[in-house]
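Below are the chains, spelled out letter by letter.
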Amino acid sequence: MTQNIQHTERHAQRDNGTGTTVLVTAATGKTGHRVAERLSAAGHTVRAGSRSGGTLFDWTDPATWAPALKGAELAYVNYFPDLAAPGASEALRAFGRAAAEAGVRRLVLLSGRGEPEAVASEEALREAGVPLTVVRAAFFAQNFSEGPMAEGLERGEIVFPAGDTAEPFIDAEDLADVLVAALTEDGHTGRTYEVTGPRLLTFAEVAAEISRVSGRETAYIAVPGEAYRAALRQAGYPDEDAAWVTELFVTLLDGHNASTTDGVREVLGREPRDFTEFADREWGGGN
């Protein structure tokens, strides 16, 4: 995965002289590198913003924002670590002002579905007046294959405070398609889209699906929020971060998001990919 991301950064920063100039923030993340790949392939000049890439961009260092935004017409805004994190609203408000001063003509923000704190951050970004599209996404299918949860899968377990709540997991490939369409096509400014996969699955059902496709037994282990928080602290998370991350997951998976939407179809004119397709592609050798 690291090699793929590095390749994406090199490719995305190649100026092919056509299309618009787009800043992609958090360009090495799950959605960022996918958005950068698609934009670059479509002929746009992509600035792949990250703390280590050719376009320096760091959400914790506002001094990096204006240089990254200068000359950009569009920007994909993916706040790290999450719009629900402490300080996110203040950062998004300041970034909106920087984007307005740089003359950016359209922003697309990745937000979380059913997150009250994220809504506050959306509004903070909107204050500067730059035309904005918000895409609120369900839990990523790729959370099981990229990042900390993938490490648990290597041990044959998914440990999470979700109980038996069902979630309409969205494939990050679909999400990236939606984000790019919102950035580059007319008709999306001012809209808020909620995007999900086509069906609900519990985490136990996810584990069973991964087991079936991979041929390796994977178990879902439901834990209470406090136990998950303690595990995060043991893994090295500061107490404050462990607290808000746990609260976010417990809130998101209390059942209020246990429904699907037609957001993907509304933007792309097609149905979203099913979790089975993702699992087959990731663990079963499918294309």
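Residue numbers run consecutively from 1 along every chain, following the written order of its sequence. In keeping with the predicted nature of the model, local features appear solely for residues at pLDDT of at least 70, side-chain atom pairs appear and are counted solely at 80 or more, and the whole-chain, interface and lining totals rest on all residues. Remark: hydrogens and water are excluded; side-chain values derive from all non-hydrogen atoms of the structure.

### Details of the pattern of salt bridges
Thought 1: For this document, the term salt bridge refers to a Lys or Arg side-chain nitrogen within 4 Å of an Asp or Glu carboxyl oxygen. The final tally for this structure, using the stated rule, is 23 salt bridges.
Thought 2: Residue Arg-136 is joined to Glu-122 by a salt bridge in which the shortest nitrogen-to-oxygen separation is 2.8 Å. Of this pair, Arg-136 sits in strand β6 (residues 132–137) while Glu-122 sits in helix α5 (residues 116–126), and the two are 14 residues apart along the sequence. Here Arg-136 matches Glu-122 in class, with each residue buried.
Thought 3: Between Arg-265 and Glu-271 there is a salt bridge whose closest N-O contact spans 2.9 Å. Counting from the N terminus, the helices are DSSP H or I runs at least four residues long and the strands are E runs at least two residues long. Partly exposed residues are those whose accessible area sits between 20% and 50% of the maximum for their type, while under 20% is buried and over 50% is exposed, using a 1.4 Å probe and protein chains only.

### So, the nonpolar core
Thought 1: In this description, a nonpolar core means a group of buried Ala, Val, Leu, Ile, Met, Phe, Trp, Tyr and Cys residues linked to one another through side-chain atoms lying within 4.5 Å. Of all hydrophobic cores here, the largest spans 31 residues; its most connected members are Phe-144, Ile-158, Phe-160, Phe-203 and Phe-275.
Thought 2: Among the secondary structure elements, those contributing two or more residues to this core are α6 (148–154), β7 (157–160), α8 (203–214), α9 (225–234), α10 (239–252) and α12 (275–283).
Thought 3: For this core, the element with the most residues is α10, which contributes 6 residues.
Thought 4: Apart from the residues within four sequence positions on either side, Phe-160 is in contact with Phe-139, Met-149, Phe-203, Tyr-220, Ile-221, Ala-222, Val-223, Tyr-228, Phe-249 and Leu-253.
Thought 5: Core analysis: the second largest hydrophobic core is formed by 29 residues, Val-24, Ala-27, Ala-138 and Ala-181 among them. By the convention used here, residues are in contact when the closest approach between their heavy atoms is within 4.5 Å.

### Quick look at α10
Thought 1: To estimate the expected span of a helix, count its residues, drop one, and scale the result by 1.5 Å. An ideal rise of 1.5 Å per residue puts 20 Å on 14 residues; α10 measures up with 20 Å between its terminal C-alpha atoms.
Thought 2: All of the buried residues along α10 are Ala-242, Trp-244, Val-245, Thr-246, Leu-248, Phe-249 and Leu-252.
Thought 3: Residues of α10 that are buried make contact with β7 and α9.

### Focus on the packing of aromatic side chains
Thought 1: Any two of the Phe, Tyr and Trp rings considered here, Trp counted by its six-membered ring, make a pair once their centres fall within 6.5 Å; the pair's planes then place it as stacked at under 30 degrees, edge-to-face at over 60, or tilted in between. Considering all chains together, one arrives at 24 aromatic pairs under this definition.
Thought 2: When the centroid spacing of 6.4 Å and the interplanar angle of 55° are considered together, the rings of Phe-139 and Phe-249 count as tilted. Pair noted here: Phe-139 is in the loop between β6 and α6 and Phe-249 is in helix α10, with a separation of 110 residues, a long-range link. With respect to burial, Phe-139 and Phe-249 carry one shared label: buried.

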